[in-house]
Structures are given as structure tokens and as C-alpha cells.
Amino acid sequence: MTAERRNNIATILITLVAAVVVIPIVFVIAFVIIQGMGMISWEFITSAPTNGMREGGIGPALLGTILLTLGTAIVAMPLAIGAAIYLAEYAPNNWVTRQVRLAIVNLAGIPSIVYGLFGLGMFVLFLGTGTSILAGSLTLGLMTLPVVISTAEEAILSVPPEFRTVSLSLGATKWQTIRNHVLPHATPGIITGVILGLSRAAGETAPILFTVAAFYLPELPKSIMDQTMALPYHLYVISTQVPGMPTEIQYATALVLLLVVLLLTTFATIVRTIMRRRREW
Amino acid sequence: MSATEGNTNQENKILVNDFDFYYGDFKALIGLNLPIRTNQITALIGPSGCGKSTFLRSLNRMNDTISVARADGEILLDGKNIYAPGVNVVDLRRRVGMVFQKPNPFPQSIYDNVAFGPRVMGLNRERNLDEIVEEALQSVVMWDEVKDDLKKSAMELTPGQQQRLCIARTVAVKPEVILMDEPCSKLDPMATLQVEELMRRLADEYTIVIVTHSMQQAARASDFTGFFWLGELIEFGETFSLFTQPKKELTEAYITGRRG
């Protein structure tokens, strides 16, 4: 067999492997769209479920997911960005820093149900928040930390070091340097990380299971101390706990959840692209 | 201190006493002793890796950002050791500004580049920022070139203009000393000449230390010259006498191109 022939075979095989990876994704998305498309309407995404959830819409669950995503952002962003700035700019290369990094890596590897149980024990019971949007946001926020910290740190480290050197040489303090000449350039990367973290949080069921999610709650929450329905948990409930559930509603709910996550991811991509184009170095 | 004394000014802005500098175990600078004269241009020459840039960065403690770096001995700025405990490096860098090898404006407007230093120092609370920016650009003879384009990105300027902008940015914080690390090595001959003329103008107000690879530049543009070799200062003196009557054989070998 000639080298050229082997090369051709390798090319074909590798292309096939790539295709195999893509096919299930396309298949899942297409399936959900085809099955769920018919139910989607303004009415469906805004109204409350009725008749034991067998009819009506998903309004409270969608709103709950939006609120939880916002709550997650409020909890995770300051902590994660602060930690990333510390790790990238301040942390000395010593034992403590290595333990912090190790902790972050491990945090990323913890199964989400463990976060859910931690949230139940720590926030709901010990700190007495009860099952509430607050408890859910804190739990999801914690779960989101590692991915946001890692992407934000990477974004900060990718800012050319000479900006820091020049800024310091002009008599700027370390913080003035970071605020004026590091963070502005790292923002696109940080935003991307935040949104990717949020898109994961928006789709998670386990962390909200014991901390915030209501089985059925047609009224909208009035404060962050209230429970709320949420899309992923609602989808779980109507898929497994409700006999005689029409499948179109299940697929339509799944489709809305997919769209929420897709919207977040697309937004992240657009932000990154626009801000990269404006970058001049 | 008066500039009218020209080359004869013997007042020391900076005095270096038995200064050693280490990168980890490597001794990069060995027992340096030299004066930097007020309102004069001091050139540091020597082959690559001889320590002249390390020495330059010791003068505003930019080497502090390297974790394994360590200094011994003292560098007196107006008689006060800048390596003494408790010295505020931010204040030091405001007094001892720096211009780098590669023109490195911030990717911002011309105006914001010059205004950054005064802003972080809070100078804009005492004076109109526009005036500070104009004055700094005037002092590098750039005001007429760019006064209508202040909002334009500094990245659109030519390398020569960028380097003069960087000098203006340094001048805007009103330092006492300006350190220049091979400021012309990325510039064409015309732009190099402009920067050299500029140094001469600035020497009326500032004490200038320049590291250069070009012996012609040192000979043309400086009042005093120090010759570095393997981390040691081999010879220091008035530029004219160092180039015409070097006292050390090594200096002569280097400036005539036999060693380097």
C-alpha cells in the first residue's frame, strides 16, 4: 500500500469519526424539534400548566429558570472573577496556591447531585434559607464557579504582559493596572466563561432538586425566599411522574429548555466575536 | 542643576554604590559603582546580555516583578536608597519613568495614552487634563502632528510616532528621571534621529539614562557613557573621552569593534 493511499484512508476514517460525533447531536436536536415544534406558542411559554400539568403551558417553570440563572450569575460572577484575578495576578507560586487550584479542579469534578445535597444541608437546613430561589442560586452558583474561574483566569493571562509592565512603569498601582489595562482586554473571555457556566446551570436538575424546585406551583414567586418551578425539573416531572402526559408537551418543554441554553451560548459567541474584532493587538 | 552648565554638570541625581543583582543563583550585575548626573544623558553600552538592561530596570525597580530577582547594595536617588525597606515603588516609578524598546502604546486613543499616567496619579484634580496632554505632546514635538486626531487609536501611528507618543506618556507624569531601553532599535534612521533630538531637548528638564546597542548613538547623543561587560561596569566617563581615549583595553576593543 502506498503512503498516499494510506493517507487517503486515514483522511476518510478521521472524517467518519468526526461525523459520528456530530450525528447524535443533530439527531437529538432534530428529534426534539420535530416532536415539540407543534406545541410551541406564546401561550405555551407564558401560561401556567393546568389539569395536573397535562394541559396549559410552562410559564412559571421558564420564569423560574430565568430567575435562577440570574441568581446564579449574581452569586458566581463576583466570586469567580475575584478568584480568577487573584490566581492570575496576585497568587504566589506556593503550596497554598497549588491547593486552591487543586480544589477548583476537584470542584469541577463533583457530580451535580452532590452539589444538590450540599445545598440542602448547608443553605436550606443549616443556614435556614428553606427551599428557595436564594438556596437554589447559591447552590448553582457554587457549581458554576470552577468553569468560570478557569476561563476567566485564562482570559486574564492572555492579556499581553507588556501592558502591565508599561502601566506599572507609569506609576500606576497594581490595582489601577489590572482595572485599566488587564480587565478591559480580558472582558470578552470572562463574559464567555460566565455565560458558558450559566448555560450549564440553566439546564441542571440535581442541584435544584432539594434546594428550590417546586413540583407544581402555578403562582409566580414573590421573593427570593420563595420556591419556584424550573424547566429542567419540570421536564423530569412531566416525563416520569405524571401518568397520561401528552408527549408533545414533554418535547415542547425540552425544546424550550434547549433554546434557552442555545440562546445563552449563542450570546456568548456573539459577544466574544464582536469584542475580539475590536481588539487591536 | 542649571542646564546652562552643559556637559560640566557634576551633580548626581543617582548614585550607585556596590550594587549587585541576582536572578536566582545567577549574578547578573557585579559590584556596580557609578553616578548618574542630573540633567545629563547617560548612555549604557555593551554586548547583549551584559546586564545593561537589567541595570536600567534596577533604577525604577521594574525587576521587582520577577520573583527570583534579588538586589544587594544601594542605589541612591537624591541621596535616598531606593532599595531601603519601606520604599514605595509606585512613588519611585512616578519619579523614574521608563520608555521601552518596542513602541508599546496602549490600544487606546492618543489622548488616553498620554492621559493615563496623570489620571492614575490624580493630577487631573489639580489641572485640566487637556492641558497636561497638550503640554506632554508639545514637549515631544508631536502636538502639531496629532492635535486634530487625539481620539484616533495610537495603533494607527507609525512606529516612530508611537515611540514619541510613549515618551510623551512618560513625560506626562512629570518624572525626574527617564530611563530608555534601546528606544530606537525598532525605528528607521529618520525616526531615530527625531528621538535623539528629542532626548537632547528633554535633558533640559530631565535626567536621562539610555541603553543602546548602537555605539554611534551613544557617541552622538550622550554626555556620559558606561561600558558594561559580563555584568560589570568596565569603564565610565564623559562620552567624548571614553570614545576617544578609553582607559581600559577592553573598552577600546569593544568600541573599535574588535570585541563584542
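Because the structure is predicted, anything quoted here is derived from the model rather than measured.

Residue and element names in this part refer to chain B. Here six strands make up an open sheet; going across it, the order is E6-E7-E8-E3-E9-E10 and the pairing mixed. On the outer flanks of this sheet lie strand E6 (96-99) and strand E10 (232-238), each paired with one strand and no other. Put simply, the sheet's adjacent strands are angled 20° from each other on average, direction ignored. Examined bridge by bridge, strand E7 (residues 177-181) and strand E8 (residues 207-211) share five bridges and lie parallel to one another. Bridge pairing in E8 links Leu179 to Val209. Taken strand by strand, helix H6 (residues 159-171) contacts E6 and E7, and its axis lies near 170° from that of E6.

In this section: the sheet that holds strand E4 (residues 69-77) of chain B. Residues and elements named next belong to chain B. Spatial ordering of the open sheet is given by E2-E1-E4-E5, a layout of four strands whose pairing is antiparallel. The open sheet has two edge strands, strand E2 (26-37) and strand E5 (80-81), and neither has a second partner. Pairing geometry for E4 and E5, over two bridges, is antiparallel. Note on E5: the bridge partner recorded for Leu76 is Asn81.

The next point concerns helix H5 (residues 112-126) of chain A. All names here are of chain A. Given a rise of 1.5 Å per residue, 15 residues ought to cover 21 Å, and the 20 Å separating the end C-alpha atoms of H5 matches this to within 8%. At Gly119, H5 shows its maximal kink, close to 30°. The complete set of buried residues in H5 reads Ser112, Tyr115, Gly116, Gly119, Phe123 and Val124. As for H5, its buried residues are in contact with helix H4 (95-109), helix H6 (133-157), helix H8 (174-203) and helix H9 (206-209). Where H5 ends, the next residue or the one after it, Gly128, has phi of about 70°, a positive value.

Attention now goes to empty space enclosed by the protein. All names here are of chain A. For the coordinates displayed, the defined rule picks out one cavity of 30 Å³ or more. Taken as a whole, the largest cavity encloses approximately 50 Å³ of empty space. Lining of the largest cavity is provided by Thr65, Leu68, Thr69, Leu140, Ala201, Ala202, Glu204, Ile208, Ala230 and Pro232. Sorting the residues of the lining of the largest cavity by element identifies helix H3 (59-90) and H8 as the ones contributing at least two each. For the lining of the largest cavity, the class distribution of residues is seven nonpolar, two polar and one charged.

This paragraph deals with the environment of B:Arg93. Residue and element names in this part refer to chain B. Along the chain, the position of Arg93 falls in helix H2 (residues 89-95). On the basis of relative accessibility, which here comes to 5%, the residue Arg93 falls in the buried class. Residues Arg93 and Lys13 lie 80 residues apart in sequence; the distance between their C-alpha atoms is 15 Å.

Attention shifts here to the confidence of the model for chain B. Residues and elements named next belong to chain B. Considering every residue of chain B, the mean pLDDT works out to 91; 96% of them sit at 70 or more. The model gives residues 1-7 a pLDDT under 50, and that stretch makes eleven contacts with residues more than four places away or in other chains. Both scores are available for the predicted complex, with the pTM at 0.83 and the ipTM at 0.88.

Moving on, we get to the nonpolar core. Counting residues in each nonpolar core, the largest one holds 46 residues, and the members touching the most others are B:Leu137, B:Ile167 and B:Ile208. Counting residues in hydrophobic clusters, the runner-up holds 35 residues, among them B:Phe55, B:Leu179, B:Val211 and B:Leu233.

Here we take up the interface of chain A and chain B. Taken together, the 17 residues of chain A in the interface contact 23 residues of chain B. Both sides of the chain A and chain B interface together cover about 1700 Å² of buried area, and 65% of this is carbon and sulfur. Along the contact surface separating chain A from chain B lie one salt bridge. Across the pair B:Lys102 and A:Glu162 runs a salt bridge, and its minimum N-O distance is 3.2 Å. At the junction of chain A with chain B, the criterion picks out three residue pairs in polar contact (both at pLDDT 80 or more). Examining the composition of the side of chain A that touches chain B, we find that seven residues originate from one element, helix H7 (residues 161-169) of chain A, more than from any other.

A separate point is unusual backbone geometry. Residues and elements named next belong to chain B. Positive phi values are uncommon outside glycine, yet Lys174 reaches one of about 55°. One can find Lys174 in the loop between H6 and E7. The class of Lys174 is partly exposed, set by a relative accessible area of 42%. Of note, the phi angle at Leu230 is positive, near 50°, even though the residue is not glycine.

Moving on: the state of the cysteines. Residues and elements named next belong to chain B. Using the criterion set out here, one finds zero disulfides over all chains in the structure. Left unpaired, Cys50 is separated from the closest cysteine sulfur, that of Cys184, by 18 Å. With no disulfide of its own, Cys184 lies 12 Å from the sulfur of Cys166, the closest cysteine sulfur.

Residue and element names in this part refer to chain A. A grouping of Ile23, Ile25, Phe27, Val28, Ile29, Phe31, Ile33, Met37 and Leu258 is seen on the molecular surface, where their side chains present a nonpolar patch of about 830 Å² in accessible area. Element by element, the count of residues in the nonpolar patch is highest for helix H1 (residues 3-36), at seven residues. Along the chain, Ile23 falls in helix H1. For Ile23, a relative accessible area of 54% corresponds to the exposed category.

The rules we used
Residues numbered from 1 in each chain as written. Chains lettered and ligands numbered in written order. Predicted model: local features only at pLDDT ≥ 70, side-chain atom pairs only at ≥ 80, totals over all residues. Heavy atoms only, no water. Pairing = 2+ DSSP bridges. Helix = DSSP H or I, 4+ residues; strand = E, 2+ residues; numbered from the N terminus. Axes fitted to C-alpha atoms, helices over the stretch in contact; angles between N-to-C directions. Contact = heavy atoms within 4.5 Å. Expected span 1.5 Å × (residues − 1). Bend = angle between axes of the 7 residues up to and from the residue. Buried < 20%, exposed > 50% of the residue type's maximum accessible area, 1.4 Å probe, protein only. 1 Å grid on protein atoms, 1.4 Å probe; cavity = no way out; pocket = protein on both sides within 12 Å on 5 of 7 lines; lining within 4 Å. Points joined across faces, edges and corners; volume = space filled by probe spheres on them. Nonpolar A, V, L, I, M, F, W, Y, C, P; charged D, E, K, R; others polar. pLDDT = per-residue confidence, 0-100. Core = buried A, V, L, I, M, F, W, Y, C linked by side-chain atoms within 4.5 Å. Buried area = accessible area lost by both parts, 1.4 Å probe. Salt bridge = Lys/Arg side-chain N within 4 Å of Asp/Glu carboxyl O. Polar contact = N/O pair within 3.5 Å; in protein donor to acceptor, adjacent residues only side chain to side chain. Disulfide = S-S within 2.5 Å. Patch = residues over 30% accessible without salt bridge, like charges linked within 9 Å, V, L, I, M, F, W, Y side chains within 5 Å. Areas by Shrake-Rupley, 256 points an atom, 1.4 Å probe, with all protein chains shown as cover.

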